[in-house]
Amino acid sequence: MNFSKEDYIRAIYHLSEESEGKVRSIDLAKYLSISKASVSEMLSKLSKHKLISIKPYGPLKLTKKGFIEGKQLTYKHRIIELFLSRILGLKLSQVHNEANKIEHALSDLAVKKMSLIMKNPAYCPHGKPIKVLIQ
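Values in this document were obtained by computation on a predicted structure and should not be read as measured data. (Residues numbered from 1 in each chain as written. Predicted model: local features only at pLDDT ≥ 70, side-chain atom pairs only at ≥ 80, totals over all residues. Heavy atoms only, no water.)

## Here's the deal with empty space enclosed by the protein
Line of reasoning, step 1. The full count for this structure, using the stated rule, is one cavity of 30 Å³ or more.
Line of reasoning, step 2. Its boundaries defined by the atoms lining it, the largest cavity holds a volume of some 40 Å³.
Line of reasoning, step 3. Lining the largest cavity we find Tyr-13, Glu-17, Lys-71, Thr-74, Tyr-75, Arg-78, Pro-129, Ile-130 and Lys-131.
Line of reasoning, step 4. Of all the secondary structure elements, the ones that give two or more residues to the lining of the largest cavity are helix 1 (5-19) and helix 4 (64-87).
Line of reasoning, step 5. If you tally residues by element for the lining of the largest cavity, the top one is helix 4, at four residues.
Line of reasoning, step 6. Along the lines of polarity and charge, the residues of the lining of the largest cavity split into four nonpolar, one polar and four charged. (1 Å grid on protein atoms, 1.4 Å probe; cavity = no way out; pocket = protein on both sides within 12 Å on 5 of 7 lines; lining within 4 Å. Points joined across faces, edges and corners; volume = space filled by probe spheres on them. Helix = DSSP H or I, 4+ residues; strand = E, 2+ residues; numbered from the N terminus. Nonpolar A, V, L, I, M, F, W, Y, C, P; charged D, E, K, R; others polar.)

## Things to note about the packing of helix 1 against helix 3 (residues 36-48)
Line of reasoning, step 1. Helix 3 packs onto helix 1 with a crossing angle of 95 degrees between their chain directions and a minimal axis gap of 11 Å. Considering the angle they form, helix 1 stands roughly perpendicular to helix 3. Here Lys-5, Tyr-8, Ile-9 and Ile-12 of helix 1 come into contact with helix 3, specifically with Ser-38, Val-39, Met-42, Leu-43 and Leu-46.
Line of reasoning, step 2. Residues belonging to the contact of helix 1 with helix 3 are distributed by class as follows: seven nonpolar, one polar and one charged. (Axes fitted to C-alpha atoms, helices over the stretch in contact; angles between N-to-C directions. Parallel < 35°, antiparallel > 145°, perpendicular 65-115°, else oblique. Contact = heavy atoms within 4.5 Å.)

## A closer look at the layout of surface pockets
Line of reasoning, step 1. Volume-wise, the largest pocket comes out at about 180 Å³.
Line of reasoning, step 2. Taken together, 11 residues form the lining of the largest pocket, with Phe-3, Tyr-31, Leu-32, His-96 and Asn-100 sitting closest to its centre.
Line of reasoning, step 3. Elements with a contribution of two residues or more to the lining of the largest pocket: helix 1, helix 2 (25-32) and helix 5 (92-102).
Line of reasoning, step 4. Split by residue class, the lining of the largest pocket holds five nonpolar, four polar and two charged.

## Some points on the nonpolar core
In summary, soluble globular proteins display a tendency toward joint burial of nonpolar side chains.
Line of reasoning, step 1. Residues Tyr-8, Ile-9, Ile-12, Leu-28, Leu-43, Leu-46 and Ile-52 are the most contacted members of the largest nonpolar core, which totals 19 residues.
Line of reasoning, step 2. When contributions to this core are tallied by element, the ones reaching two or more residues are helix 1, helix 2 and helix 3.
Line of reasoning, step 3. Among the elements that make up this core, the one with the highest residue count is helix 1 (six residues).
Line of reasoning, step 4. Discounting chain neighbours no more than four positions away, the residues touching Leu-43 are Ile-12, Ser-25, Leu-28, Ile-52, Ile-54 and Leu-60. (Core = buried A, V, L, I, M, F, W, Y, C linked by side-chain atoms within 4.5 Å. Buried < 20%, exposed > 50% of the residue type's maximum accessible area, 1.4 Å probe, protein only.)

## Observations concerning a nonpolar patch on the surface
Line of reasoning, step 1. A contiguous nonpolar surface patch, about 290 Å² in accessible area, is contributed by Ile-87, Leu-88 and Ile-117.
Line of reasoning, step 2. Among the secondary structure elements, Leu-88 is positioned in the loop between helix 4 and helix 5. (Patch = residues over 30% accessible without salt bridge, like charges linked within 9 Å, V, L, I, M, F, W, Y side chains within 5 Å. Areas by Shrake-Rupley, 256 points an atom, 1.4 Å probe, with all protein chains shown as cover. Salt bridge = Lys/Arg side-chain N within 4 Å of Asp/Glu carboxyl O.)

## Some words on helix 6 (residues 108-117)
For an α-helix, 3.6 residues make a turn, and residues three or four places apart therefore share a direction.
Line of reasoning, step 1. Along helix 6, the residues that are buried comprise Val-111, Met-114 and Ser-115. The buried residues of helix 6 all sit within an arc of 100 degrees when viewed along its axis, so they share a single face. Those residues of helix 6 that are exposed and angled more than 90 degrees off the buried face are Leu-109, Leu-116 and Ile-117.
Line of reasoning, step 2. Lining the buried residues of helix 6 we find helix 4.
Line of reasoning, step 3. Note on helix 6: the residue one or two positions beyond its end, Lys-119, has a positive phi of about 65 degrees. (Arc of directions from axis to C-beta.)

## Observations regarding the environment of Ser-38
Line of reasoning, step 1. Checked against the element boundaries, Ser-38 lands in helix 3.
Line of reasoning, step 2. Residue class for Ser-38 comes out partly exposed when judged on its relative accessible area of 33%.
Line of reasoning, step 3. For the pair Ser-38 and His-104, spaced 66 residues apart in sequence, the C-alpha to C-alpha distance is 21 Å.

So this is what it looks like as structure tokens:
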């Protein structure tokens, strides 16, 4: 599977939530089920776009720009997961992969409307908090 820049940013954001910011490239490779070489290549690109800062042998850090993008992408992903679960009735085991497939295609406006339909929920179907989208 080919992962986009957004997939990496959201993954780093998610792993940072889980590990109090101590994300290593090997953690990212395991989370995405891809090679460390693929991760290294994309991390270089993300660094050039000033979305992450990399220090040798240190944890991956999202820059302010990367953090904002990660939070927005995570918000979008979790709203879509909940919509798929609550409104469309998909099984919990299906919603993550389905959300991955469609999150890049939906606009922020469409996701906001999905959230409004569900009365601005606080948690995704996996119990993770849905933090308010940064404007």
